[in-house]
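# Geometric and topological summary
Okay, here's what each chain looks like letter by letter:
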Number of protein chains: 2
Amino acid sequence: MTRDDDSPPTPELLFLLGMAFQLVLTEFNERVAAAGYPDLRPVHGMAFQILGAEGATSSELAARLGVTKQAAGQLVDDLERRGYVLRTAHPAGGRRKLVVLTDAARRHLGIAGDVLHDLEAELARRAGADTPLLRAELLRLVHGLAGDDLPPLRPVW
Amino acid sequence: MTRDDDSPPTPELLFLLGMAFQLVLTEFNERVAAAGYPDLRPVHGMAFQILGAEGATSSELAARLGVTKQAAGQLVDDLERRGYVLRTAHPAGGRRKLVVLTDAARRHLGIAGDVLHDLEAELARRAGADTPLLRAELLRLVHGLAGDDLPPLRPVW
DNA sequence: CATCCAAGTAAAGGAGCTTTACAAGCATGA
DNA sequence: TCATGCTTGTAAAGCTCCTTTACTTGGATG
């Protein structure tokens with residue numbers, strides 16, 4: 001009894017999750033691009049968020065992004081060239097370098113946050129989606145699958 | 001008034017959608033791999049589902065997958081080499097070729113469907129997620145963003 | 001029959017990652 | 001003291017999957 005065949009043919013949960021994520025992310029990305037950041041992908045915003053106020057090392061960034069430290073290093077190279085991050089001396093010394101955000105990145109974080117909230121509010125209005133309920137249910141599902149620590153967010157295709 | 005700062009810090013809807021999708025997809029993919037298909041990625045399953053009972057041309061497949069026809073052609077090349085699809089003469093003639101599933105692909109479709117349903121049932125039990133409710137809310141959201149026609153499902157990173 | 005169009009294919013190239021390999025700084029125990 | 005080992009950071013090569021560019025082929029349309 002895995003399926004009720006005379007119910008309306010709702011797409012599978014997995015497909016719905018995928019389409020919802022993709023649609024919201026694409027819309028978000030387009031709005032952020034239109035706001036002056038056409039050359040920043042979602043992963044860059046994720047990196048900014050991880051680096052946050054205190055910064056982090058490339059290796060920490062790699063772990064949180066779920067990629068190799070080389071990939072994270074390349075990302076930092078790129079962002080540094082474009083003026084979004086700086087490699088500074090790490091207080092703990094050693095070979096470590098603390099990657100910190102520049103003001104340009106902080107401005108992006110602020111704008112992206114605004115876009116995100118506007119978008120969610122619009123979804124609640126336009127689609128009539130009960131976003132608090134949706135968030136609660138999704139949080140349950142995520143915790144059920146991943147435990148308490150939230151996993152890195154990566155493309156899975 | 002974009003944020004209520006004294007509410008519990010639930011992650012953003014976009015993040016929750018991403019994590020939920022990724023977790024469920026990864027779990028799904030691992031189970032399918034364990035069931036004997038370690039070399040099939042989600043996009044292959046999507047292709048099987050699109051080709052379905054009647055088959056389709058490479059160009060149709062490309063449109064539904066949201067990639068170029070060359071990319072779809074390469075996918076079909078690969079799947080044909082591995083015995084999952086066949087290029088047959090197209091009833092409409094012309095240069096068209098009808099790509100159809102082999103029995104191997106149909107077996108995969110059946111197993112993947114079972115895995116999907118098992119997984120959803122487990123989620124409802126383990127996580128206590130109200131999956132019908134979740135599906136309804138997600139469907140609302142998707143229709144609100146995409147209209148009636150469901151968009152191709154692609155990686156967005 | 002000349003023209004155009006859509007389908008398929010071929011080849012090159014690029015983005016973004018991994019793998020392999022190595023150098024540099026520090027901690028640890030014998 | 002100092003050899004060992006661990007971890008960070010980098011460098012270089014290679015791989016996968018996609019796109020871009022360009023071409024061929026079969027049929028429709030005037």
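Read on for an overview of the structure.

Reading the values: rules and limits
- Here the residue index of a chain counts from 1 through its sequence in written order.
- Here every chain gets a letter starting at A, and every ligand a number starting at 1, in the order they are written.
- The predicted origin of the model limits local features to residues at a pLDDT of at least 70 and limits the giving and counting of side-chain atom pairs to 80 or more, whereas totals for whole chains, interfaces and linings rest on all residues.
- For side-chain calculations, the full set of non-hydrogen atoms in the structure is used, while hydrogens and water are omitted.
- The classification of residues rests on relative accessible area computed with a 1.4 Å probe and restricted to protein chains. Under 20% of the type maximum is buried, over 50% is exposed, and intermediate values are partly exposed.
- A run of H or I in DSSP becomes a helix once it reaches four residues, and a run of E becomes a strand once it reaches two; helices and strands are each numbered from the N terminus.
- The directions considered for the arc are those from the helix axis to the C-beta atoms.
- Here, residues are in contact when the closest pair of their heavy atoms is within 4.5 Å.
- By buried area we mean how much accessible surface two parts lose on assembly, using a 1.4 Å probe and totalling the loss over both.
- Pairs of N or O atoms are called polar contacts if they sit within 3.5 Å, as long as, within protein, a hydrogen donor faces a hydrogen acceptor (for residues adjacent in sequence, only side-chain-to-side-chain pairs).

Our focus in this paragraph is helix H3 (residues 58-65) of chain B. Within an α-helix, residues lying three or four positions from one another point in the same direction, as the helix has 3.6 residues per turn. All names here are of chain B. By the burial criterion, the buried members of H3 are Ser58, Leu61, Ala62 and Leu65. Considered in projection along H3, the buried side chains sweep an arc of 105° and stay on one side of the axis. Of the exposed residues in H3, those oriented more than 90 degrees away from the buried face are Ala63 and Arg64. On its buried face, H3 sits against helix H2 (42-51), helix H4 (69-81), strand S1 (85-89) and strand S2 (97-101). Where H3 ends, the next residue or the one after it, Gly66, has phi of about 75°, a positive value.

In this assembly, 56 residues from chain A lie in contact with 56 residues from chain B. In total, about 6,500 Å² of surface goes out of reach between chain A and chain B, with carbon and sulfur atoms giving 77% of it. One can count 15 residue pairs in polar contact (both at pLDDT 80 or more) joining chain A with chain B. Contributing elements (two or more residues each) for the side of chain A that touches chain B: helix H1 (13-34), helix H2 (42-51), helix H5 (103-126) and helix H6 (131-146) of chain A. Sort the elements by how many residues they give to the side of chain A that touches chain B and H1(A) lands first, with 15 residues.

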